[in-house]
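# Descriptive structure summary
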Amino acid sequence: VQADLMTLVSLGVHPLSVITALTVQDTMGVEDTLAIDADWISDQARCVLEDVPVGAFKVGLVGSVESVATIAEIVADYPDVPLVLDPVLASGRGDELASEDVIAAMCELLLPQTTVLTPNSHEARRLASEDSEEAADLSLEECAAALLDMGPEYVLVTGTHENTVDVSNALFAAGGLVRTDRWKRLPGSYHGSGCTLAAAIAANVAHGLDIPDAVHSAQEYTWQTLRFAYRAGMGQLVPDRFFWARDDEAADEGRPD
């Protein structure tokens, strides 16, 4: 939630939070999660949606099957509002955050309503196939094709976890590959980079950018937040979502227009 809020504010949009789960976590990992009651999720969302028009939905950690069903019901009432879904299945150090039942519910109820799905390569393989051995053999192109068959309009597969010199992120749609963006691989491990990217895409979509441009601009912003990341605690580095506001000549290179 903090990652989303800071990213959205940094990119000039007004975030409206709906809490789906509470976590016990620090920069080293997630120790525990507590799913919020589905009725509370619905009440939070209906309250703000009846008050303020929204330009995009961004969904991350969902917490439970009941939460997935509730979120799906809410976004179905706003079919013209784009949905960016970050399928948070595990933390950066590998803590499991979604059961197989939750994953199945996401695939059945949320993916058909999703505008942009943003899995990393591990998440893409896990979502694309229930068979872990079969999933391991799938290429990222095959994963994207399988995910697109489940209903999302676009799938952005990020390559941070792949064994490559640069990080290659590929955006797919029904017609195939839309664009590939390659970024210099930065040293270190980062806490909340995936959340930052998905929230940045949602912000850009809310600003009216088309999906390919929104995705590219969000990647550029996220790479800069990682470039200027800092060590807040004893674990992973924290992306600097306000790198452009620092009194630092080096940050000028990534300053948003």
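What comes next concerns the included structure. (Residues numbered from 1 in each chain as written. Predicted model: local features only at pLDDT ≥ 70, side-chain atom pairs only at ≥ 80, totals over all residues. Heavy atoms only, no water.)

### Structural notes on the sheet that holds strand β3 (residues 57–59)
As summarised here, the arrangement of the six strands in space is β3-β4-β5-β6-β7-β8, forming an open sheet in which the pairing is mixed. Two strands lie at the open edges of the sheet, namely β3 and β8 (176–184), each paired on one side alone. Strand direction decides the pairing type here: strand β6 (residues 154–157) and strand β7 (residues 166–173), joined by four bridges, are antiparallel. Bridging across to β7, V155 finds its partner in F172. (Pairing = 2+ DSSP bridges. Helix = DSSP H or I, 4+ residues; strand = E, 2+ residues; numbered from the N terminus.)

### Overview of a negative patch on the surface
A cluster of acidic residues, E130, D131, E133, E134 and D137, forms a negative patch at the surface. With respect to the helices and strands, D131 occurs in the loop between α5 (121–128) and α6 (132–136). Judged by relative accessible area, D131 falls into the partly exposed class, the value being 40%. (Patch = residues over 30% accessible without salt bridge, like charges linked within 9 Å, V, L, I, M, F, W, Y side chains within 5 Å. Areas by Shrake-Rupley, 256 points an atom, 1.4 Å probe, with all protein chains shown as cover. Salt bridge = Lys/Arg side-chain N within 4 Å of Asp/Glu carboxyl O. Lys, Arg positive; Asp, Glu negative; His and termini not counted. Charge placed at Lys NZ, Arg CZ, Asp CG, Glu CD. Buried < 20%, exposed > 50% of the residue type's maximum accessible area, 1.4 Å probe, protein only.)

### What to know about the packing of aromatic side chains
With the rule as written, the count across this model stands at four aromatic pairs. Ring geometry for Y221 and F243: centres 5.8 Å apart, planes at 45°, overall tilted. Of this pair, Y221 sits in helix α9 (residues 211–227) while F243 sits in the segment after α9, placing them 22 residues apart in sequence. F243 gets classed as buried once you look at its relative accessible area, which sits at 1%. On the numbers, 5.8 Å between centres and 10° between planes, the contact of F228 with F243 is stacked. In this pair, F228 is assigned in the segment after α9 and F243 in the segment after α9, connecting sequence segments 15 residues apart. Here F228 matches F243 in class, with each residue buried. One aromatic cluster is present, formed by Y221, F228 and F243 through successive ring pairs. (Phe/Tyr/Trp six-rings, centres within 6.5 Å; stacked < 30°, edge-to-face > 60°.)

### Quick notes on helix α2 (residues 38–49)
Between its first and last C-alpha, α2 extends 16 Å over twelve residues, near the 16 Å set by a 1.5 Å rise per residue. Buried within α2 we find A38, I41, S42, A45 and L49. Along the axis of α2, the buried positions cluster into a sector of 95°, meaning they face one direction only. Exposed residues on α2 whose side chains face more than 90 degrees from its buried face are D39, W40, D43 and C47. Where α2 is buried, its residues contact β3 and α3 (65–76). The backbone nitrogen of D39 lies 2.9 Å from a side-chain oxygen of the residue at the head of α2, namely D37. (Expected span 1.5 Å × (residues − 1). Arc of directions from axis to C-beta. Contact = heavy atoms within 4.5 Å. Polar contact = N/O pair within 3.5 Å; in protein donor to acceptor, adjacent residues only side chain to side chain.)

### Considering the pairing of β8
The pairing of β7 with β8 spans eight bridges and is classified as antiparallel. Bridge pairing in β8 links F172 to L177. Between β7 and the antiparallel strand that follows it, β8, lie two residues.

### Examining the pattern of salt bridges
Throughout the structure, instances matching the rule amount to six salt bridges. The residue D77 makes a salt bridge to R46 at a minimum N-O spacing of 2.9 Å. Of the two residues, D77 is situated in the loop between α3 and β4 (83–85) and R46 in helix α2; the sequence distance between them amounts to 31 residues. Residue class for D77 comes out partly exposed when judged on its relative accessible area of 47%. According to the relative accessible area criterion, R46 is partly exposed, its value standing at 21%. Of the charged contacts in the structure, one is a salt bridge between R246 and D240, with a shortest N-O distance of 2.9 Å. The exposure class of D240 is buried, given its relative accessible area of 6%.

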